[in-house]
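Summary of structural features
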Amino acid sequence: MRVIRDPGKLNRLLKGVRRSARSIGFVPTMGALHPGHLSLIKQAGRDNDTVVVSIFVNPTQFGSQEDLNKYPRPLKNDLALCRKARVDLVFLPDSKIMYPEGFATFVNVEKLGDILCGTSRPGHFRGVATVVAKLLNIVAPDVLYLGQKDAQQSVIIARMIKDLNFPVKIRVLPTVRQKDGLALSSRNVYLNEDQKLDALVLSKALCLAKSLIDHGQTDASRIINRIKELIGKKKQARIDYVAIVDLEKLRQIKKINQDCMICLAVKIGKTRLIDNCLITYD
Ligand code: PAF
């Protein structure tokens, strides 16, 4: 496994890979790798000849009051996990190389970036889209791997790829959960023991919604109310949003009679957690 910090060097190296018609799978991360990331890496390895992982805590996607400085950075462990998962190349740039003096170009995916998580995290998705566009240009992968846990991010990146003609396929893989249902997230390390218990209410709320739908409930607002009621019982939980949206434009739907997604953002203490589940019809 090679660790490369310079975008130009990585790009040149990967040109060789492409010239010999070997496919490249790419997993962008901010490090603090957990089994959710590893499932993306493993899938990338099954689908491609070469696997590239980027580890970069991207400052432009953090608001000024957010956790950029305390975001976990267990680099040694991350590199060991990558090695074990048979990653070929780790791209490990620093902020100065990604955003040099004078940097002035941003990618803004309109509308999709302003709703749901975008409401309480203004500018977040602009930062995400910008860094992913840069990474796609540097790595030029055949397939980009993302997790369903960050559903809005995946929809926005898919939109950007389409709108800006990036020649890359996108694969979104299912959320990996603990046995107790908690969706894996690098931010779970912020939770204390009590908060970990309260955080289970996110996946429980999604299970409740699923079972209401399975039993014939089609009224989105009733389902949302039941979710809010359940989450409201937890002392440390503060709801940011609960929404049921279509899968492409993320517009709220009233009636559950099409493929859609139930999405939640909830603060447990100071930690903001998100989760979602897909409702599909075939
Ligand atoms: O999902 C993440 O970890 C980040 O938002 C991403 C896609 C690596 C961009 O910084």
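Before going into details, it helps to say that this report is about the structure given with it. Being a predicted model, the structure only gives us computed values, none of them experimental. (Residues numbered from 1 in each chain as written. Predicted model: local features only at pLDDT ≥ 70, side-chain atom pairs only at ≥ 80, totals over all residues. Heavy atoms only, no water.)

For helix α6 (residues 124-139), with 16 residues, the first-to-last C-alpha span of 22 Å sits near the 22 Å given by 1.5 Å per residue. Of all 16 residues that make up α6, 13 are buried, and the element is covered over most of its length. (Helix = DSSP H or I, 4+ residues; strand = E, 2+ residues; numbered from the N terminus. Expected span 1.5 Å × (residues − 1). Buried < 20%, exposed > 50% of the residue type's maximum accessible area, 1.4 Å probe, protein only.)

Pairing is antiparallel across the open sheet formed by 3 strands, whose spatial order is β7-β8-β9. Bordering the open sheet on either side are β7 (237-246) and β9 (271-279), each of which pairs with just one other strand. Neighbour-to-neighbour, the strand axes of this sheet turn through a mean angle of 15°, independent of strand direction. Sheet strands touched by helix α8 (residues 193-214): β8 (260-268) and β9. Its angle to β9, the strand with the most contacts, is close to 20°. Helix α9 (residues 220-232) rests against β7 and β8 of the sheet, and its axis sits at about 160° to β7. (Pairing = 2+ DSSP bridges. Axes fitted to C-alpha atoms, helices over the stretch in contact; angles between N-to-C directions. Contact = heavy atoms within 4.5 Å.)

Neighbouring the ligand are the residues Pro28, Thr29, Met30, Asn58, Gln61, Val128, Val131, Asp150 and Gln153. In this structure, an oxygen atom belonging to the ligand sits 2.6 Å away from a side-chain N or O atom of Gln61. Measuring from an oxygen atom of the ligand, one finds a side-chain N or O atom of Gln153 at 2.7 Å. Calculation on the ligand without its partners gives an accessible area of 290 Å², and the protein chains cover 89% of this total. Considering only residue class, the shell around the ligand consists of 4 nonpolar, 4 polar and 1 charged. (Near = heavy atom within 4 Å. Polar contact = N/O pair within 3.5 Å; in protein donor to acceptor, adjacent residues only side chain to side chain. Areas by Shrake-Rupley, 256 points an atom, 1.4 Å probe, with all protein chains shown as cover. Nonpolar A, V, L, I, M, F, W, Y, C, P; charged D, E, K, R; others polar.)

Below, the discussion takes up the packing of α8 against α9. Between α8 and α9, the shortest axis-to-axis distance is 9 Å and the interhelical angle comes to 150°. Taken together, the axes of α8 and α9 are roughly antiparallel relative to one another. Judged by the sense of rotation from one axis to the other, the crossing of α8 with α9 is right-handed. Residues Val201, Lys204, Ala205, Leu208, Ala209, Leu212 and Ile213 of α8 form the contact with α9, whose participating residues are Ile223, Arg226, Ile227, Leu230 and Ile231. A per-class count over the contact of α8 with α9 returns 10 nonpolar, no polar and 2 charged. (Parallel < 35°, antiparallel > 145°, perpendicular 65-115°, else oblique. Left-handed = near helix turned anticlockwise from the far one by under 90°.)

The subject of this paragraph is the pairing of strand β3 (residues 50-55). Across the 6 residues of β3, 6 count as buried, placing the element largely inside the fold. Because side chains alternate across β3, one face comprises the buried residues Thr50, Val52 and Ser54, and the other comprises Val51, Val53 and Ile55, equally buried. As defined by bridge partners, strand β2 (residues 24-29) adjoins β3 across 6 bridges and the pair is classed as parallel. The partner of Ile24 across the bridge, within β3, is Thr50. What joins β2 to β3 is helix α2 (residues 35-47), and the crossover it makes is right-handed. By the bridge criterion, 3 bridges tie β3 to strand β4 (residues 89-91) in an arrangement that is parallel. Residue pairing across strands places Ser54 opposite Phe91, the latter belonging to β4. Since β3 and β4 lie parallel, the crossover through helix α3 (residues 75-84) that links them has a hand, and here it is right-handed. (Right-handed = clockwise from strand over helix to strand, strands pointing away.)

Further remarks concern the sheet that holds β3. As summarised here, the arrangement of the 6 strands in space is β1-β4-β3-β2-β5-β6, forming an open sheet in which the pairing is parallel. Each end of this open sheet is capped by a strand with a single partner; those strands are β1 (2-4) and β6 (169-173). Here the average twist between neighbouring strands, direction ignored, is 25°. The sheet contacts of helix α7 (residues 151-163) involve β5 (143-147) and β6, and relative to β5 the element is tilted by about 155°.

Below, the discussion takes up the packing of aromatic side chains. Using the criterion set out here, one finds 4 aromatic pairs in the structure. Ring geometry for Phe56 and Tyr99: centres 6.3 Å apart, planes at 35°, overall tilted. Of this pair, Phe56 sits in the loop between β3 and α3 while Tyr99 sits in the loop between α4 (95-98) and α5 (117-120), and the two are 43 residues apart along the sequence. With respect to burial, Phe56 and Tyr99 carry one shared label: buried. A ring pair is formed by Phe62 and Tyr71, whose centres lie 5.8 Å apart and whose planes are at 80°; its orientation type is edge-to-face. (Phe/Tyr/Trp six-rings, centres within 6.5 Å; stacked < 30°, edge-to-face > 60°.)

With that out of the way, let us pick up the nonpolar core. Within the largest apolar cluster, 45 residues are counted, with the highest numbers of intra-cluster contacts made by Leu136, Leu144 and Met160. Elements with a contribution of two residues or more to this core: α1 (7-19), β2, β4, α6, β5, α7, β7 and β8. When residues in this core are grouped by element, the largest group, 10 residues, is from α6. (Core = buried A, V, L, I, M, F, W, Y, C linked by side-chain atoms within 4.5 Å.)

Interpretation in functional terms is not warranted from these geometric data alone.
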